[in-house]
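Notes for the structure review
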Amino acid sequence: MEPHGFLQQALVYLAAGVIAVPLCKRLGLGSVLGYLVAGMAIGPWGLRLIADPQTVLQFSEFGVVLLLFLIGLELNPQRVWALRRTIFGLGGVQVVATIAAVAGIGVALGLPLAVSAIAGMGFAMSSTAIGLATLTEKNLLPTPGGQASFAVLLFQDLAVIPLLLVVGLLGGEAEMLKWADAAKALGMIALLIVAGRLLVRPVLRYVAETRLREVFVGFSLLLVLGTAALMEWVGLSMALGAFLAGVMLADSEYRHELELDIEPFKGLLLGLFFIAVGMSVDVGLFLRAPHLVLGLALGVVLLKAVILFPIAQAFGYCDRADAGLFAVALSQAGEFAFVLFGAASTVLPAPVAAILNAAVAVSMLTTPFVVMGYERFLMRRLDRPLERAPDAIRETNPVIVAGFGRFGQVVVRVLRALGIGATVIDHDPGQIDTVRRFGWKAYYGDATRLDLLESAGAAHARLLLVALDDPEAAMQIVKRVRSRFPQLALVVRAHSRTDAYEYAEMGVPAVREVFGSALDAAARTLGILGFGERDVQRIVRRFKEYDERQIAESSPFRHDMKKLVALTEQGRRDIAELLAEEARSAPQVDQKHE
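Residues numbered from 1 in each chain as written. Predicted model: local features only at pLDDT ≥ 70, side-chain atom pairs only at ≥ 80, totals over all residues. Heavy atoms only, no water.

Looking at the pattern of salt bridges
- The full count for this structure, using the stated rule, is two salt bridges.
- R484 is paired through a salt bridge with E454; the nearest N and O atoms lie 3.6 Å apart. With R484 in helix α22 (residues 471-484) and E454 in helix α21 (residues 450-455), the pair connects residues that are 30 residues apart, well separated along the chain.
- R484 sits in the partly exposed class, given a relative accessible area of 45%.
- Between R493 and D469 there is a salt bridge; the shortest N-O distance is 2.8 Å. With R493 in strand β5 (residues 489-494) and D469 in the loop between β4 (463-466) and α22, the pair connects residues that are 24 residues apart, well separated along the chain. (Salt bridge = Lys/Arg side-chain N within 4 Å of Asp/Glu carboxyl O. Helix = DSSP H or I, 4+ residues; strand = E, 2+ residues; numbered from the N terminus. Buried < 20%, exposed > 50% of the residue type's maximum accessible area, 1.4 Å probe, protein only.)

Structural data, given as structure tokens:
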């Protein structure tokens, strides 16, 4: 019996996910498959707790939209431009080769050319949601194979309009309307790029200045969903619109706040999307013709993997592990296949369309299994190390240190010499193994993850020292900790004056990594030039006090380049006068050193 009302249905979805996902994770199958199994269990072909999966599927597609927005935030226009060969070259070859192969096989089996070509178009598309979610969960997205997969998925989103145009031509629909839609889509993309630069950023800054968190969250969702709606209006995918919005804001000063605000919504809606996909699988058709549906689905997965592997190698991904990852990550058919098959209703007979849709759904179910097989067999055969799980932290100390390189080690040595306990976390497994051989206690893990910091005792610690080599990760930690653990004091390693400005604006004490050693070098230089030790200490101290004060005074204007340049020039004049006064009170410099 289907539950009525929002509350009852929400309870069903939450219960199904909470039961199935941890079970599949424990079995090593991944969370994506867990959500799919949960959907199949509560759907029309399972317990029939939910009879109409299409209603929730339309709503939960926003999970995919938010996922692409967050991925866009990790890129910037320069990085997207750097991927242009992979996006258009590798993506174009993959789509054309898959369409040609499927169409050729269809014609050889006696199917009409139009039906075979449309089947090829649908099977050429891969699932953005399942592919990216699986790669992200396995921490494989940053690898070369993961980046190639992402680039091709982006191209497939762009290719939907041209493919729909071809489907319309095969169905005898009017050409001009389709070409007008294509022109409108290109115009909307250009408009979004211009608006992102000239309009969205000032508005985002204005909203942030209200310091009302709920208003900022609301505007963030409005921005993502509004962009997605505009792209859907011109016939492109909502996910593509959200990705473009993310790219336009990738170098914004509010990037990390946007990530924090969007992440919880993305996780919930993406899980709901996979549950809805699981509910929409036509198990009845599978039971009536299991050999046909299963054979077609597995044939598509195998055919795409066979096509994708050599294409990846031809484009420079010669490492078999990267080419293999690319092949398995895109081996399934995707959500856009349903759109293309639906648009081809005048060409595809209803029974054929039903079988093709069922094969697409089953192929999507195979992805977690083939990726798991890739990890367990191919990566091990090629001696590619698997992602190491974070260490369990079973101690609490007053200080947590994120990053145990040259910077962090000095601080920890001082703390431990004074008998002050410190919990050390580092993301480099080689570094962890090295310092352990020297008797240091350190834990492997990603300190940007709030759950790891929580297990390290962030809720009760007095101080977090952020000493990472990665400035973006350090900034991410600071902003997340300020949001989740406001009582935790922070000291952070600043990699540049620009970072120091931003930390000063947040009120976080920042230690510039080369500033102290540079002052030591200046002090030794003055000593060699004949200045007395007391005079050197006084001059260096006055310079340090003035420079740190200038950082605090200039930080509100760090985005106003004209004002910042004026303040810097004034600072040079002020410090020159200040140090000149100090020098006049010092003994004369020995001329032989001048």
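Section: the pairing of strand β2 (residues 422-426)
- Of all five residues in β2, five are buried, a share of seventy percent or more.
- Side chains A422, V424 and D426 of β2 all project onto a buried face; the interleaved residues T423 and I425 project onto the opposite face, where all are buried too.
- Note that strand β1 (residues 399-402) and β2 share four bridges and pair parallel. For A402, the partnering residue across the bridge sits in β2 and is I425.
- Handedness of the β1-helix α19 (residues 406-417)-β2 crossover: right-handed.
- Bridging between β2 and strand β3 (residues 443-444) involves two bridges; their strand directions are parallel. By the bridge assignment, D426 is partnered in β3 with Y444. (Pairing = 2+ DSSP bridges. Right-handed = clockwise from strand over helix to strand, strands pointing away.)

Notes on helix α13 (residues 255-280)
- End to end, α13 covers 35 Å across 26 residues, agreeing with the expected 38 Å (1.5 Å per residue, within 8%).
- The sharpest bend along α13 measures roughly 35° and falls at I262, with the proline P264 sitting one to four residues further on.
- Here α13 lies mainly inside the structure; 19 of its 26 residues are buried. (Expected span 1.5 Å × (residues − 1). Bend = angle between axes of the 7 residues up to and from the residue.)

A word on the nonpolar core
- Core analysis: the largest hydrophobic core is formed by 86 residues, its most contacted members being F123 and F274.
- Contact partners of F274, with chain neighbours within four places excluded, come to V32, Y35, L36, A129, I130 and A133. (Core = buried A, V, L, I, M, F, W, Y, C linked by side-chain atoms within 4.5 Å. Contact = heavy atoms within 4.5 Å.)

Observations regarding the pairing of β1
- By the alternation rule, side chains of β1 split into V399 and V401 and I400 and A402, which are all buried.
- Taken together, the four bridges between β1 and β4 define a ladder with parallel strand orientation. If you follow V401 over to β4, its bridge partner there is L465.

Remarks on the packing of helix α6 (residues 84-108) against helix α15 (residues 290-314)
- It is the contact of α6 with α15, at a shortest axis distance of 10 Å, that shows an interaxial angle of 145°. Crossing handedness for the pair α6 and α15: right-handed. Here α6 contributes L90, V93, Q94, A97, T98, A101, V102 and I105 to the contact with α15, which in turn contributes L303, K304, I307, L308, I311 and A312.
- Along the lines of polarity and charge, the residues of the contact of α6 with α15 split into 11 nonpolar, two polar and one charged. (Axes fitted to C-alpha atoms, helices over the stretch in contact; angles between N-to-C directions. Left-handed = near helix turned anticlockwise from the far one by under 90°. Nonpolar A, V, L, I, M, F, W, Y, C, P; charged D, E, K, R; others polar.)

Let's talk about a nonpolar patch on the surface
- Nonpolar side chains collect at one region of the surface, where V194, L198, L199 and V203 lie side by side and expose about 370 Å² of accessible area between them.
- Residue position: L198 is located in helix α10 (residues 175-208).
- Judged by relative accessible area, which is 64%, L198 ranks as exposed. (Patch = residues over 30% accessible without salt bridge, like charges linked within 9 Å, V, L, I, M, F, W, Y side chains within 5 Å. Areas by Shrake-Rupley, 256 points an atom, 1.4 Å probe, with all protein chains shown as cover.)

Focus: the packing of aromatic side chains
- A full pass over the atoms with the stated rule returns two aromatic pairs.
- Centroid distance F88 to F155: 6.3 Å. Interplanar angle 85°. Geometry classified as edge-to-face. Residue F88 is found in helix α6, and its partner F155 is found in helix α9 (residues 144-170); the two are separated by 67 residues along the sequence.
- Aromatic pair F123 and F341: ring centres 6.1 Å apart, planes at 85°, arrangement edge-to-face. With a gap of 218 residues between them, F123 in helix α7 (residues 113-124) and F341 in helix α17 (residues 335-343) connect regions that are remote in the sequence. (Phe/Tyr/Trp six-rings, centres within 6.5 Å; stacked < 30°, edge-to-face > 60°.)

As for the sheet that holds β5
- The six strands lie next to each other as β3-β2-β1-β4-β5-β6, forming an open sheet whose pairing is parallel. Across the chains shown, the open sheet's two edge strands, defined by having one partner strand only, are β3 and β6 (510-512).
- Docked against the sheet, α19 engages β1, β2, β4, β5 and β6, running at close to 165° with respect to β2.

None of the figures reported here should be taken as evidence of function without further support.
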